[in-house]
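Breakdown of the fold
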Amino acid sequence: MLKISKRERSMPVGVIGKLLKIAAEEPKVISLSAGEPDFITPSPILNKIPNLIKNRKKNRITKYTNVQGLLELREAITKKLKQDNKINTNPDEIYVGTGSEAAIFGAFLSTLDPKSEVILPVPGYMSYEPAIRLLNAKPNYIKLKEKDNFQINPDEIKKKITKKNKVIILNTPSNPTGTVISKKILEEIADIAVDNDSYIFSDEAYEKIIYDGNKHISIGSFNGMKKRVLTFQTFSKAYAMCGFRVGYVQGPKKIIKAITDSMTYVNIAGPTLSQHLAIEALKMRKWHVNRMIKKYDKRRKYIVKRLNEMGLRTQMPQGAFYAFSNIQDYSKDSSKFANKLLKKAKVAVVPGTEFGKAGEGYIRFSYATNKSSIKKAMNRIEKIL
Ligand SMILES: Cc1ncc(COP(=O)(O)O)c(C=O)c1O
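Residues numbered from 1 in each chain as written. Predicted model: local features only at pLDDT ≥ 70, side-chain atom pairs only at ≥ 80, totals over all residues. Heavy atoms only, no water.

Right, let's talk about the overall build of the chain for a bit. Helix and strand counts for the chain stand at 15 helices and 13 strands. The C-alpha atoms of the chain give a radius of gyration of 21 Å, which matches the 21 Å a tight globule of 385 residues would have. Judged by the C-alpha coordinates and their principal axes, the chain covers about 60 × 55 × 55 Å. Evaluated residue by residue, the chain yields a buried proportion of 56% over its 385 residues. Considering only intrachain contacts with a sequence separation of at least 6, the fraction spanning at least 24 residues in the chain is 74%. Carbon and sulfur atoms make up 53% of the accessible area of the chain, which totals about 18400 Å². (Helix = DSSP H or I, 4+ residues; strand = E, 2+ residues; numbered from the N terminus. Rg over C-alpha atoms; globule rule 2.2 N^0.38 Å. Buried < 20%, exposed > 50% of the residue type's maximum accessible area, 1.4 Å probe, protein only. Contact = heavy atoms within 4.5 Å. Areas by Shrake-Rupley, 256 points an atom, 1.4 Å probe, with all protein chains shown as cover.)

Put into C-alpha cells, the structure is as follows:
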C-alpha cells in the first residue's frame with residue numbers, strides 16, 4: 001500500500017484551510033479570517049509591470065535570479081534595514097525568499113538538529129510549530145497571558161530554557177495578539193540569548209503596521225547581537241503584496257549561506273518579477289503605506305469597541321491587523337464557537353487553538369477587510385449572541 005510518510009501523517013490538521021475554503025466558496029459568508037490585506041498592491045508598484053515586461057531582455061524577468069535574491073534588491077533591503085531598523089548589514093547577510101515563510105523554514109532547517117529545543121511563545125503564529133516538529137526538534141512553550149496584555153515575560157523564558165535550546169522565537173507586532181514587545185523586554189531577552197548561547201528569530205512581518213505612537217524595535221539592532229539574531233521581514237503585509245511572494249531574512253553570513261544552500265532544493269530562487277516589484281516598493285513614497293495603516297487603525301478601534309460591547313473581551317491591539325477576543329463568557333471551546341459563528345452568523349473567524357493550545361478560549365478576528373463588511377459581521381454576531 002502506498003502511504004504518506006509517518007512524519008507528515010503526524011502533522012496537526014488545522015481548521016484554517018477548511019475555514020478559508022468555506023469562506024471562499026460561500027458568497028454569504030463574511031470572512032474575518034484571512035491574514036492578508038484587502039487592499040490592492042499600491043499603484044506605483046503595479047504600474048511598473050508593463051515596463052518590466054517590455055524590458056524583459058534587459059531585466060531577465062523570465063529567468064531565475066541568483067538563488068540568494070537579486071543583488072539590487074538585497075542592496076535596497078540593506079539600506080532599508082539601516083534606515084528603518086538601525087541594522088547595519090550588507091547584501092551577503094540577506095536571503096530573499098518566496099515570502100518570509102520560506103526564509104523562516106530555511107532558517108529552522110539551518111539551525112535545528114533533532115531534539116534541539118526552541119522557545120516558542122504561545123498563542124503565536126501558526127507555522128512555527130509544524131516547522132519545528134517536521135525537523136524533529138521540540139517546542140518549549142512560553143504561555144502569553146491576557147492579564148499581561150499577551151506581553152512575553154523574560155523570567156518565564158529564564159525558568160524554562162535548557163541547554164538544548166537553539167532558538168528563541170519572537171514575533172513583534174504579534175499575530176494573533178497584536179502585542180508589540182517593548183525595548184526593555186527585548187533587552188532582557190537579548191541577555192538571556194547571550195547567556196544561553198541561543199539564536200533569536202525575530203519575525204517582524206507587521207513592523208510597519210503599528211498604532212498609537214508605539215515603536216517597532218528590531219532586536220537585531222542591539223549592540224553585540226548581530227551574530228545571533230535573524231530578522232525576518234516581508235513585502236506581504238505593509239505593501240499588500242502577499243500574492244507576489246517576497247520576504248527576506250537578515251542575519252550572520254554563515255547562516256544566510258546555509259539557508260541559501262538548503263532553499264535551493266526547495267524553490268531554486270524567489271520569483272523574479274516579484275523581486276523587481278519589491279525594489280519599487282522600497283522606492284515608493286511612504287504615503288502609500290501610511291494610507292493603509294490609517295484605515296486599519298479606524299477599523300481596529302471600531303471592531304474592538306463592538307466586540308467589547310457584546311461581551312467578547314478584547315484588548316486594543318498595538319500592531320498588526322488582528323483582534324484577539326476572549327470568548328469564555330460564551331464558550332470554553334474556540335473551535336465550536338468559530339463553527340457556530342460560521343453556521344449561524346455566516347462570519348468566518350479563526351479559533352484561538354490554531355495558534356497553539358494556549359489559544360483555547362479565544363478567537364482571532366482579522367480587520368484587513370473593509371469597514372462595511374466588518375460592521376455587517378459585528379451586527380450578525382451580536383444578533384446570534
Ligand atoms: C507573523 C507572520 N510571519 C510570517 C508570515 C508569512 O508571510 P509571507 O510568507 O507572506 O511573508 C505571516 C503571514 O501571515 C505572519 O503572520
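Another aspect to go through is the sheet that holds strand β3 (residues 117-122). Ordered in space as β2-β8-β7-β6-β5-β3-β4, the seven strands form an open sheet in which the pairing is mixed. Taken across any chain shown, the strands that pair with only one partner, and hence form the sheet edges, are β2 (94-97) and β4 (138-143). For this sheet, the mean inter-axis angle between neighbouring strands, taken without regard to orientation, is 20 degrees. Bridging between β2 and strand β8 (residues 247-250) involves four bridges; their strand directions are antiparallel. (Pairing = 2+ DSSP bridges. Axes fitted to C-alpha atoms, helices over the stretch in contact; angles between N-to-C directions.)

Looking now at the site of the ligand. Surrounding the ligand, one finds 14 residues, the nearest of these being Ser100, Asp203, Thr234, Ser236 and Lys237. With respect to the ligand, the side chain of Asp203 contributes an N or O atom lying 2.6 Å from a nitrogen atom. Compared with its free state, where it exposes 400 Å², the ligand has 93% of that area covered by protein. Looking at the shell around the ligand element by element, the count peaks at four residues for helix α7 (residues 99-111). In the shell around the ligand, the residues fall into four nonpolar, six polar and four charged. (Near = heavy atom within 4 Å. Polar contact = N/O pair within 3.5 Å; in protein donor to acceptor, adjacent residues only side chain to side chain. Nonpolar A, V, L, I, M, F, W, Y, C, P; charged D, E, K, R; others polar.)

Turning our attention to α7. For α7, which comprises 13 residues, the first-to-last C-alpha distance of 19 Å matches the rise-based estimate of 18 Å (1.5 Å per residue) to within 8%. Those residues of α7 not exposed but buried are Gly99, Ser100, Ala102, Ala103, Ile104, Gly106, Ala107, Phe108 and Thr111. (Expected span 1.5 Å × (residues − 1).)

Before going further, it helps to spend a moment on the sheet that holds strand β10 (residues 322-326). Overall, antiparallel pairing links the four strands, which are arranged β9-β10-β13-β12 in an open sheet. On the outer flanks of this sheet lie β9 (313-314) and β12 (350-351), each paired with one strand and no other. One ladder, built from two bridges, connects β12 with strand β13 (residues 362-366); its direction is antiparallel. When the bridges of β13 are listed, Pro351 appears paired with Ile363.

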